[in-house]
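What the coordinates show
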Amino acid sequence: TMVLMYKFRTYFRHVLANSFYPVLQRAIGVGSAFEGWSPCEQDVVYQVLIPMTPPQGHSFHLELEPAGQMPVRNFRIRVQQECTCLSEQRGRNTLCFLHQPKEELRTNQDPSLLHTLCTGSYLDVEKTARWFYQLVRAIWPALPQSHSWHLVLLPSRRSCQFKVTNGRQSYRIEMLFGVRQGNSDIFVSSQPRPAYTPSTTWPESYDVAEKKFFKYIARQAPHDSLHLKCLQFFSHLQLGFGFSTYTIKTIFMHLLSITPMSQWGSRHFVRRLRDISYNLRQCVHTRRLNHFIVGNWMLPERISLPPEVLMAGTFNLFHDLVLDPVAHSQAMSQYLDL
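Residues numbered from 1 in each chain as written. Predicted model: local features only at pLDDT ≥ 70, side-chain atom pairs only at ≥ 80, totals over all residues. Heavy atoms only, no water.

Description of empty space enclosed by the protein
For the coordinates displayed, the defined rule picks out one cavity of 30 Å³ or more. As a volume, the largest cavity reaches approximately 50 Å³. Every residue lining the largest cavity is listed: Met-5, Phe-8, Arg-9, Phe-12, Leu-24, Gln-25, Ala-27, Ile-50 and Met-175. Looking at which element gives the most residues to the lining of the largest cavity, the answer is helix 1 (residues 2-16), with four residues. (1 Å grid on protein atoms, 1.4 Å probe; cavity = no way out; pocket = protein on both sides within 12 Å on 5 of 7 lines; lining within 4 Å. Points joined across faces, edges and corners; volume = space filled by probe spheres on them. Helix = DSSP H or I, 4+ residues; strand = E, 2+ residues; numbered from the N terminus.)

Observations regarding the pattern of salt bridges
Within this structure, the stated rule accounts for eight salt bridges. In this structure, Arg-78 and Glu-63 form a salt bridge, with 2.5 Å as the shortest nitrogen-oxygen distance. Here Arg-78 is found in strand 5 (residues 74-81), whereas its partner Glu-63 is found in strand 4 (residues 58-64), with 15 residues between them in sequence. By relative accessible area, which is 25% here, Arg-78 ends up partly exposed. Across the pair Arg-73 and Glu-204 runs a salt bridge whose closest N-O atoms are separated by 2.8 Å. Of this pair, Arg-73 sits in the loop between strand 4 and strand 5 while Glu-204 sits in strand 12 (residues 202-205); the two residues are 131 residues apart in sequence, bridging distant segments of the chain. On the basis of relative accessible area, Glu-204 is assigned to the buried category, the value being 1%. Among the ionic contacts, a cluster of salt bridges with common partners joins Glu-35, Glu-210 and Lys-249. (Salt bridge = Lys/Arg side-chain N within 4 Å of Asp/Glu carboxyl O. Buried < 20%, exposed > 50% of the residue type's maximum accessible area, 1.4 Å probe, protein only.)

Below you can see the structure in the form of structure tokens.
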């Protein structure tokens, strides 16, 4: 997957050179497949996040939506045109969108990002997804992989999903795209949202920070550690019982951060599964499961959070169970079934 992403990026940069579309950076593998576990090995989706930076003559400004609530705060990406008059004087062949006559811009320069992928002044997720689909479809025949693999584009409103097959193997890949918050490991991204979500809404994503946590743990773990097998086994076991995979993953990350890595070997396997189960029961009973990234001061130093995420305080992923006694009763029943 990452080799394919590298090839795509090489062609993306060539095709988009000197354009006013977002500049696409190196893809980052995220999600369970790149963290080393997956609840359904037969139906793995390889997710990659492609950071975007503004093209020349433009800047991105993240604006928190008024109703944004932790842990998934929603943002809009305001696109602003910047003066490039000095660039023109230095010989760069770019007309200034702010200070050149509109007729000259229309005749001699490609349209601004504001007129291609935006709705109003804000970057549009769905327009950006359609643009990605067009890029992938156009570039695929030029890639060496196209000689032995078959590309099938899959429908999606907020990402670019496709499958590549060669008769024996098949891989499903989802390209997400997003904008980094400063120099941190937190992005706003195109991750799937409910159908009624406005197309200018970009939710906050913690995928990169979580993947870095798993890499940090991997460096500490002995060669015979079965910690990922514990997560894979339990998350597969509970499918269909009403608990999200992210709930199990969050409980597991909390356990990883407090349990010595020497106690994740094969002889501790059943005990660690019991720990996950016990912690799930406690969280459901007390109606509280703290988000692992938001407000966590104990994360490894190499994981960088924006101040507002670090200072936000803990957020309860089970806040719905506090508000809804029926949902709490159902969750307890589902746990007993499990």
